[in-house]
Amino acid sequence: MHILQLMAWWCSLLFQDQLHKPTELIEAERYRGRVTTAQVDWVLIPPADSGDEREALYTSRVAFVDTLEIFHGLADGRGHALAEPGVPFSYSERRLLIKDGEQWKFYYDTPAADVNDIPDRHMLFRNLRDLGFEPTAAWSAHPSWYRQPAASYDSAEHLEDRVLVTGHWDNGMSVRWTLDPEKGMQPVRVEMLNAGEVVGACDSEYEQFDGLWFPKTCTFSHRRSTTVVIGVLSAEFNRSEHPRELTPNDLGMVPGTQVSHTTLKQTAWTGEKLIPLIDWLNMVEAGEADNSAWDEVVKRCQSPTGLGRYPKTMNDDFLGLTSAVTRKPGLWEDYTRRFIQRFRLQGAQVDRAWSHLKECQKPAYAYLDEHKSAIREAEEELAKVTNDLDRVTSELTKVTTEPAKVEAAPAKPDPKPIDAPNGAAPNRDAPNRDVPNRDTSNGGASNRDARATGSAPDRLAAPGVGAEDPAASDDILMKRRSGLQAQRETLDERLKKLYEPIEKIFEEKLKPGLAKLPTQKQIVAARARETDHPRVTAPAPPPDASAAHPAPSPDGERR
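Remember, it's a predicted structure, so these values are computed and weren't measured experimentally. (Residues numbered from 1 in each chain as written. Predicted model: local features only at pLDDT ≥ 70, side-chain atom pairs only at ≥ 80, totals over all residues. Heavy atoms only, no water.)

(A) Representation of the overall build of the protein in the model. Looking only at helices and strands, the protein has 11 helices and 17 strands in total. Counting every position in the protein, which comprises 559 residues, the buried fraction comes to 44%. Long-range contacts, defined as pairs at least 24 residues apart, comprise 56% of the intrachain contacts of the protein with a sequence gap of at least 6. Of the roughly 29500 Å² of accessible surface on the protein, 52% is carried by carbon and sulfur atoms. (Helix = DSSP H or I, 4+ residues; strand = E, 2+ residues; numbered from the N terminus. Buried < 20%, exposed > 50% of the residue type's maximum accessible area, 1.4 Å probe, protein only. Contact = heavy atoms within 4.5 Å. Areas by Shrake-Rupley, 256 points an atom, 1.4 Å probe, with all protein chains shown as cover.)

Right, dumping it as structure tokens:
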């Protein structure tokens, strides 16, 4: 399905006007169309004379027709817009997913998201598939006029080592591509012309990534004055480990995230799909859904020591990531990116950082691929044992606390005694045969009802041992818990040994290699920034879950 979608997409670009489009330009577009999946880390660099040296860091992912753009913030660690005092989320990553005509917008580690199913109203983003083909650095949610087939084309002009192709549009503008036959006929220069005058241009330098020529740098200019530079830090194409499609799960939303949808209105993300927010809240209240992850996100956002105007380095080992980063080579990209941001690495330092990451990931992925069956089996067993242990522990807690509740409850007068002669007090020590199914430990509920609902002693007791023998039930539960704990320790040790080679690469190769890159001056400056920069201390007002009023986004938009 994905291949058919991709073919249809490229056919719309390549063949709707092929009768007069020069074959050289068709060849250039077909070459770029060989990209089916990709991950590109890139920077947006302001011109040298702008007075702003802060680079904006991005990642673009492609899976056939799905695209995901992640804005990581500026090189100094701040987001693309400073927040007002007291407003959280100012430096959270902005993630845009374009899938099936919808655009999902989510700021990482926040409790809300947006979905827009009206393409004409999508937030602007950059489609890296077109990098190098565009004459301007303009951001666009949709193909601009110069990405559409021209009204007419001049015949291709073959120079000594270049090919010139010029197209003319009905609006009076023209675009001229300078193609390099030795690099897949990719454009090394693209010019926008008005009445023959070059008003905008893009000059591209190429490098091979995974066997494909792709721009390493694109320098955009307006009337010969540089406006912005896009630099590619790393690029991966058509790798077997790349996902075949991108989904909302790639945004990092936790179950319960409140999503404002242009058509569906207020919804919630279950971890698999969107449902009406009120349905999610009812499921949570009924115990059919777990909202704890969302509650934790809200708690972090409201904490004075949580999200603020500057990212906080949690520790030197993991740069704010959990210790799980040591076992997951995919998270090493986040670790490297945070390292670059933290020390504001520049130029060749950044290139060396990404090259070093790839050198470390290659053997790590090879090892994981070789041992994936053993790791998967151990992790599945561990998840099952952990679930069983949690269940048994919960049941044991119920068994031990319920008798205490009964003992602590105030005595209530018995109802009118049954068969009590001459007003004598009833025999309180006698069995309750005369009061059928009476069970005071369950607030008056019957033993039959208790067994039907599966009380802890009844469900887990051995044959012949029921609710009448709570001590025996306790003993069985404690033995069961002890056995599960031993199983979990064994599985933890097995996984530790399986992951040991991966952790060794992280600790002994990746971290020391990156640590050599920043200068002493950069290290001192980073420490000073982390010490001196103020943080937001006023917590945000608690969100109204029923009304679902998300906080302002980092770029000042009200969601």
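(B) Local environment of unusual backbone geometry. With a phi angle near 55°, alanine 195 is a residue other than glycine that sits in the positive phi range. Note that alanine 195 resides in the loop between β11 (186–194) and β12 (197–209). Classification of alanine 195 by relative accessible area gives exposed; the value is 78%. Unusually for a residue other than glycine, arginine 223 sits at a positive phi of about 50°. Locating arginine 223 in the fold gives a position in the loop between β13 (212–222) and β14 (225–237). In this structure arginine 223 comes out as partly exposed when scored by relative accessible area, which is 45%.

(C) Here's a closer look at the environment of alanine 486. Structurally, alanine 486 is set in helix α10 (residues 470–515). It is 9.9 Å that separates the C-alpha atoms of alanine 486 and valine 385, two residues lying 101 residues apart in sequence.

(D) The nonpolar core, seen in detail. Grouped together as the largest cluster of nonpolar side chains are 42 residues, with contacts concentrated most on Trp332, Tyr335, Leu345 and Leu510. Listing elements by their share of this core, those giving two or more residues are α5 (332–343), α6 (348–370), α7 (372–408) and α10. When residues in this core are grouped by element, the largest group, 11 residues, is from α10. Other than its neighbours up to four places away in sequence, tryptophan 332 contacts Val325, Thr326, Leu357, Cys360, Gln361, Ala364, Ile502, Ile505, Phe506 and Leu510. Grouped together as the second largest cluster of nonpolar side chains are 25 residues, Tyr31, Leu44, Phe71 and Ala235 included. (Core = buried A, V, L, I, M, F, W, Y, C linked by side-chain atoms within 4.5 Å.)

(E) Up close: the environment of leucine 128. If you trace the backbone, leucine 128 turns up in the loop between β6 (112–116) and β7 (152–153). Given the relative accessible area of 5%, leucine 128 is considered buried. Note: C-alpha distance between leucine 128 and glutamine 39 (89 residues apart in sequence) is 9.7 Å. Filtering out sequence-adjacent residues up to four positions away, leucine 128 remains in contact with Arg32, Val40, Trp42, Ser60 and Phe214.

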